Each structure stands twice: as C-alpha cells, then as structure tokens.
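# Structure assessment
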Amino acid sequence: MAIPICLSLSPHPPNIPSISSSSSSSKDNDPRFIKFSKREFISKTAKLLIFSLAPAWTFSQCSAEPSSPPKSAPLGIANTKSWFQFYGAGFAIRVPPQFEDITEPEDFNAGMSLYGDKAKPKKFAARFASPDGSEVLSVVIRPTNQLKITFLEAQDITDLGSLREAAKIFVPVGATVYSARNIKIKEEEGFKTYYFYEFSRDEQRVALVAAVDSGKTFIAGATAPQSKWDDDGVRLRSAAISLTLL
C-alpha cells in the first residue's frame, strides 16, 4: 500500500523527509523535539531556516531494520510566509512561487448516469507544478483504515505506528531514506504529530509529510529530479513541511 500512495504524488517515485516521534509530557524539555503552535508554524517560518530534530536513519529499503542512527544533520527550511497559502478540505499548505495549480477539476456528473453509482473521488486534494512540470507539490487524503486495518477512528498519526513502523506505509521499498523525523504542532487540545520523510528512488527525490485527523490521513509530497534537488530542495522541503491540518 505504501508504493501506490507515494507514487501517486508525482509521475515519478517520490522522495520524502523524516521526523522523529515523541510523547507530550515527559519530553517537553527534550532538545531533540520541536513543538510549534499552528500560528507560529505558519507565520514564523523565518525563524526556522535551519533546525535539527531527532537523528535520522538510512534504510537500504523501507522494510529493512536501520543500523545505528548516525549523527543527525540540520534540516534546511526556507521562509514561506510570503508564499500563497492554499486552503483545502481540512488542510492548508504553502505553494512555492511560480507553481501553477494543476489539480483535476471536480466531476459533478460522476455517478449520475446509473443508479447506485458513486462519484469517483478526486485523486489529489491539491496539486501544483513548476512551469516546466518537473517539480510537483501534491496533497492526497485517504481514509486511515485503507492504510492500516483498524476498527478505531485514528486521531493522530501515531495510531499508525511509530515513525519507523509508518515508513512501511509511506516510503516505497527500495527507496533511500535521508531523513525521518517527527514534528509536534501545538493545538488547543494538545499536540498534533506530523511524520516527515525525505527519500529518493529512481532518480527522483521526495519530501513527504503525513498527519492524521478524524480517521483521515493527509499526505503532502514535494518531488523533483535528484539533479534539481541541490538547487530547489530547500523550497520543496519547506512546501511539504508547511502542511497544516485545520
């Protein structure tokens, strides 16, 4: 199930950033974890140009157990405050300058021709591309029980497992993972956890952020050819990390 989700974000296999997991009370003072309020996360990204979270792991393939975590490296983040903010169904995301909306239009006639037919859900909740189409920012929304069999309505991405366990859902087998991290966003009723992965496969690199709310999984992925990542990786990673659940 991980491969279809990831590959649907781009015409090519995606690359994803990583995040590390934490609990709330016992780790409030742990320097490995970063917590933001929603407003701070959206409007004060200028102060987050570079930040480090927990150590990242390198996987030869996502189903393999990682070796001992290496020393973590800083994660480059750009200031996205001036970027256009797109609001979707239950989420918001910042769009890099000059990216164009390529989301497929809603088909209001779907399912109306035959009795009992259901309207086909949109593949993407949002989709934007660079002028040459080589860099893509996408958001998909999936029922969480399609990703992991459960009889309970998931309220947080930790319900899908730890950061390492969830990599089997979001990162395709055979991908090289550069970073896997956990971001905590402060909300009115506590903290919301976001998982972040950055990986490459078949000459494509992906920065991916996933979060869960009310039984739905929101996945933002920014992809580009590996050859363009040195120049554009920071802004693509920043776009993916700007995903916020509303």
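Details of the structure are given in the entry above.
For every chain, the first residue of the written sequence is number 1, and numbering continues from 1 along that sequence. Per-residue local features are limited, in this predicted model, to residues with pLDDT of at least 70; the limit for side-chain atom pairs, both in listing and counting, is 80 or more; totals at the level of whole chains, interfaces and linings are taken over all residues. The side-chain numbers reported here are obtained from all heavy atoms of the structure, hydrogens and water having been left aside.

## Topic: the sheet that holds strand β13 (residues 244-245)
At least two DSSP bridges between two strands are needed for those strands to be called paired. Helix and strand labels come from DSSP, where a helix needs a run of H or I of at least four residues and a strand needs a run of E of at least two; each type is numbered from the N terminus. Taken together, the three strands give an open sheet; going across it, the order is β4-β5-β13, and neighbouring strands pair in antiparallel fashion. Two strands in the sheet have a free side with no partner beyond their single neighbour: β4 (84-88) and β13. Note: β4 against strand β5 (residues 91-95), five bridges, orientation antiparallel. Residue pairing across strands places glutamine 85 opposite arginine 94, the latter belonging to β5.

## As for the packing of aromatic side chains
For this analysis, a ring pair means two rings from Phe, Tyr or Trp (six-membered ring only for Trp) whose centres lie within 6.5 Å, classed as stacked if their planes differ by under 30 degrees, edge-to-face if by over 60, and tilted for the remaining angles. For the structure on display, the rule yields five aromatic pairs. Here the aromatic rings of phenylalanine 86 and phenylalanine 128 are separated by 5.4 Å at their centres, their planes lie at 75 degrees, and the arrangement is edge-to-face. Within this pair, whereas phenylalanine 86 is found in strand β4, its partner phenylalanine 128 is found in strand β7 (residues 126-129), the two being separated by 42 residues in sequence. Three or more aromatic residues link up through ring pairs in this structure, and these residues are Phe86, Phe91, Phe128 and Phe218. A ring has a charge above it when a Lys NZ or an Arg CZ is no more than 6 Å from the ring centre and no more than 35 degrees off the ring normal. The ring of phenylalanine 124 has arginine 127 lying over it, and the distance from NZ or CZ to the ring centre is 4.1 Å.

## Considerations on the nonpolar core
Ranked by internal contacts, the top residues of the largest apolar core, which has 30 residues, are Phe86, Phe91, Ile93, Tyr194, Val209, Ile241 and Leu243. Broken down by element, this core gets its largest block of residues, five residues, from helix α5 (residues 226-241). Those residues in contact with phenylalanine 86, other than ones at most four positions away along the chain, are Phe91, Ala92, Ile93, Val95, Ala125, Ala126 and Phe128. Among the nonpolar cores identified, the runner-up in size contains 23 residues, and Leu163, Phe170, Val206 and Leu208 belong to it. The criterion is simple. A nonpolar core is a set of buried Ala, Val, Leu, Ile, Met, Phe, Trp, Tyr and Cys residues joined through side-chain atoms within 4.5 Å. Burial here depends on accessible area, computed with a 1.4 Å probe over protein chains only, as a share of the maximum for the residue type. Under 20% is buried, over 50% is exposed, and the range in between is partly exposed. For this analysis, residues touch if any pair of their heavy atoms sits within 4.5 Å.

## As for the pairing of β5
Residues in a regular strand point their side chains to alternate faces of the sheet. By the criterion of burial, β5 is predominantly enclosed, with five of the five residues buried. Once β4 ends, the chain turns through two residues before running back antiparallel as β5, passing glycine 90 with a positive phi of about 90 degrees. Strand direction decides the pairing type here: β5 and β13, joined by two bridges, are antiparallel. Bridging from a neighbouring strand, phenylalanine 91 pairs with leucine 245 of β13.

## Description of the pattern of salt bridges
We define a salt bridge as a side-chain nitrogen of Lys or Arg found within 4 Å of a carboxyl oxygen belonging to Asp or Glu. Enumeration according to the criterion identifies six salt bridges in this entry. Two residues, arginine 235 and glutamate 135, come together in a salt bridge whose shortest N-O distance is 3.3 Å. Taken together, the residues arginine 235 in helix α5 and glutamate 135 in the loop between β7 and β8 (136-143) connect sequence positions 100 residues apart. Judged by relative accessible area, which is 24%, arginine 235 ranks as partly exposed. Close ionic contact of glutamate 198 with arginine 237 constitutes a salt bridge, the shortest N to O distance being 2.6 Å. You can see glutamate 198 sitting in strand β10 (residues 190-201) and its partner arginine 237 sitting in helix α5, a full 39 residues away along the chain. Classification of glutamate 198 as buried rests on a relative accessible area of 2%. It is possible to trace a salt-bridge network through shared partners that takes in Glu198, Arg205 and Arg237.

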